[in-house]
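A closer look at the structure
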Amino acid sequence: MKKRIVAWLLIMTMVLGLAGCGAASAGSTAGSEGGSTAQEGSTAKTITLYPYNAGLQSGPVTGWLGDYLLEKGIILEVIPYSEEKTQAMLASGSLPDIVVFNSATNAKAALEAGMLLPLDDYQDQLPHVMENDILKAGLDYAREYYGTEDGELSILPFGVGKNTLYAAADTDRYAIKLNYQLYEQIGAPEFEKLEDVIPILKEMQQAYPQNEEGMNVYAMNLFSDFDTTHFFNMMSIYSILGYHWNYLPYGIEYEIETGTPYSIFREDSVYRRGARFMYELNQQGLLDPDSLTQERATADKKVSSKASVAGWAGVPGWAGKGYLPVPFDEFKPSLVTEEPYGKVGIAISANAENVDTCLKFVDMLADYDALLTLYNGPQGDRWDIKDGKLVMTDKFKEYLEAGGGTYVLENGEEYSLFNIVSYIPNMGNTIEKYGEPFPMTLWTEYVDRQYETEDAQAWSARYGYKYLKDLLEAENKMTAVMDTSFVPFLTPDSDDMKLTLAALKDVIVPSTWELIYAKDDAEFEQIWSRMKQNAEALGLEDVISYKVEDIAQAKETAKQFK
């Protein structure tokens, strides 16, 4: 009991501290001009939301979004996320009104402690959740595996169905995207294999050694702050060769097309190849020398300012900044286009005072009409509905033609995305009555405009297709599409396994950085051998065997569930 009291006091200290001094972004949270507050006599109720991660700005939601929610009878306050706070909440036995869990372990702990509201008695207040056919498999799964002992639904899935990669015209960040004007300037040389791009990147760097701000230009900008469970930058290599990086903490690289897990230490592993590729870039002066010490945000700014001739999956280059995908012979993008069961999950606290208001907000996260506004801003400003079609406004088109940047809404606020992440249907699902997904960046009109630039027209003239996906489908290279149906059935790691994985990470991640910065081939080989030996001493082979078997069993379970 004493531990619970202390944990609850810790939470309240954090929340009160936020209310007293927390900063907020314009247009979304506390401190915004035009912010909404409940009027005396208003029927609106205040509820608290604890999000999936730290990507959602915390504090009272005000501005245009606060106004919109207030019209629905909702006053929303976002509690800032941290994993330490999550554990304190679970220990205290008390949660904010609405919680978006980012791990099945935490969701299970809250469920087993009786901290969550059973939802079956409230199905009539969740019509957009319960009546959406896309969500049925996710709801059945959540009831079966994350329901109460009596089989009642307590945790709703989110991100169910088709995702943005399904709806996109290209492969999003999963490509080598070059500074396309520069690539054309040097003659747009073709290449077959990953390594063949190195001399092309060098020629581009020599033609464009500094950006307009006087920053030195490189070809790959790595970062280290995402190396929490594995060497994160390896996704930039895996994602263009048909492999997935989800199982790297277990020493496994996963070939998507065949569904086969392999050891990263096999003789011809993609992991070794990727590390060797980054090593070669460094040898050629093409690797950002700040890579080991910089954060992803810094690397992203460099790519956005064209202090790089290429964008990769880890730090993508976007068309709006002049980067376009350059296909090559062995290019096979790694794609996850659908989450049939979604993620775990969204729940309402059993102690929530304003249950009806909580249910109303949760149902909005599955209501396409509401999602159009939550994601894109107020109707009539950036977007509208005309003749039954979703369209961009003239104002927004003029904004795009002017080069983008900060968008100012009609009420004077700067538009910023309500980055809640946890929309119940995934963002690539089509709204039947409009024939478009709800994010406007995926609408046909928006995508077509992105492909009307001079760079895009030059790209189309060279490759003979308007969109990258069309080219890849014609060449039968859209074959590495990840089957995620088995993922929810994987076994959660035991405490002992977590300790082993942490120890493996402390060997493999630093050693991979050493490989990249090796002074010569001989040192590269020495580091590789030492890394393999040290990982095996920690029981890597047993870990790989365990996870390979776990994946196989999960696939069998998924077949039965279908």
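This text goes with the structure placed above it.
Below, the structure is looked at part by part. Just so it is clear, the structure is predicted and the values come from calculations on it, not from any experiment.

All right, on to the overall build of the protein chain then. Looking only at helices and strands, one finds 21 helices and 16 strands in the protein chain. Relative to a compact globule of 562 residues, whose C-alpha radius of gyration would be 24 Å, the protein chain shows 25 Å and is just as compact. Seen through its C-alpha atoms, the protein chain measures out along the principal axes to roughly 70 × 60 × 45 Å. Across the 562 residues that make up the protein chain, the buried fraction comes to 52%. Restricting to contacts in the protein chain with at least 6 residues of sequence separation, those with at least 24 account for 74%. In the structure as shown, the protein chain presents an accessible area of about 24,900 Å², 47% of it carried by carbon and sulfur atoms. Here the protein chain contributes 46 positive and 85 negative side-chain charges, whose respective centroids are spaced 2 Å apart.

In this section: the side chain of Ser308. Along the chain, Ser308 falls in the loop between helix H12 (296–304) and strand E11 (310–311). Residue classification places Ser308 among the buried positions, given a relative accessible area of 0%. Separated by 3.3 Å, the side chain of Ser308 and the backbone oxygen of Tyr218 make a polar contact. A polar contact of 2.7 Å, which involves the side chain of Ser308, links it to the backbone oxygen of Ala310. Those residues in contact with Ser308 that lie beyond four places of it in its chain are Val217, Tyr218, Ala219, Met220, Asn221, Lys302, Val303 and Tyr323.

Where like charges cluster on the molecular surface, the negative patch consists of Glu190, Glu192, Asp196 and Asp329. On the secondary structure map, Glu192 appears in the loop between helix H8 (180–185) and helix H9 (198–207).

This part is about the pattern of salt bridges. Inspection of every chain in the model, using the stated rule, returns 27 salt bridges. Here Glu525 ties to Arg272 by a salt bridge, and the two come within 2.6 Å at their closest N and O atoms. Here the residue Glu525 occupies a position in helix H20 (residues 521–537), and Arg272 occupies one in helix H11 (residues 270–283), the gap between them amounting to 253 residues. Glu401 serves as the salt-bridge partner of Arg449, at 3.0 Å between the closest nitrogen and oxygen. Of this pair, Arg449 sits in helix H16 (residues 444–450) while Glu401 sits in helix H15 (residues 394–401), and the two are 48 residues apart along the sequence. Linked through salt bridges whose partners overlap, the residues forming this network are Glu195, Arg273 and Glu330.

What follows deals with the packing of helix H2 (residues 63–71) against helix H14 (residues 368–376). Close contact between H2 and H14 brings their axes to 10 Å; oriented N to C, the two are set at 160°. When the interaxial angle is binned, H2 and H14 end up roughly antiparallel. In contact with Trp64, Leu65 and Tyr68 of H2, H14 contributes Asp369, Ala370, Thr373 and Leu374. When grouped by side-chain class, the residues that make up the contact of H2 with H14 number 5 nonpolar, 1 polar and 1 charged.

What follows covers empty space enclosed by the protein. One pass over the full model with this rule turns up 5 cavities of 30 Å³ or more. If you trace the largest cavity, you find it lined by Thr229, His230, Phe231, Leu248, Pro249, Tyr271, Leu501, Leu504, Lys505, Ile508 and Val509. Here the element with the most residues in the lining of the largest cavity is helix H19 (residues 495–516); it accounts for 5 residues. Tallied by class, the residues present in the lining of the largest cavity amount to 8 nonpolar, 2 polar and 1 charged. Estimated volume of the second largest cavity: approximately 60 Å³. Taken together, Met220, Asn221, Leu222, Phe223, Asn233, Ser236, Val303, Ala310, Gly311, Trp312, Gly314 and Val315 make up the full set of residues lining the second largest cavity. The residue inventory of the lining of the second largest cavity, partitioned by class, reads 7 nonpolar, 5 polar and no charged.

What counts and what doesn't
- Residues numbered from 1 in each chain as written.
- Predicted model: local features only at pLDDT ≥ 70, side-chain atom pairs only at ≥ 80, totals over all residues.
- Heavy atoms only, no water.
- Helix = DSSP H or I, 4+ residues; strand = E, 2+ residues; numbered from the N terminus.
- Rg over C-alpha atoms; globule rule 2.2 N^0.38 Å.
- Buried < 20%, exposed > 50% of the residue type's maximum accessible area, 1.4 Å probe, protein only.
- Contact = heavy atoms within 4.5 Å.
- Areas by Shrake-Rupley, 256 points an atom, 1.4 Å probe, with all protein chains shown as cover.
- Lys, Arg positive; Asp, Glu negative; His and termini not counted.
- Charge placed at Lys NZ, Arg CZ, Asp CG, Glu CD.
- Polar contact = N/O pair within 3.5 Å; in protein donor to acceptor, adjacent residues only side chain to side chain.
- Patch = residues over 30% accessible without salt bridge, like charges linked within 9 Å, V, L, I, M, F, W, Y side chains within 5 Å.
- Salt bridge = Lys/Arg side-chain N within 4 Å of Asp/Glu carboxyl O.
- Axes fitted to C-alpha atoms, helices over the stretch in contact; angles between N-to-C directions.
- Parallel < 35°, antiparallel > 145°, perpendicular 65-115°, else oblique.
- Nonpolar A, V, L, I, M, F, W, Y, C, P; charged D, E, K, R; others polar.
- 1 Å grid on protein atoms, 1.4 Å probe; cavity = no way out; pocket = protein on both sides within 12 Å on 5 of 7 lines; lining within 4 Å.
- Points joined across faces, edges and corners; volume = space filled by probe spheres on them.

Read these as geometric descriptors, not functional statements.
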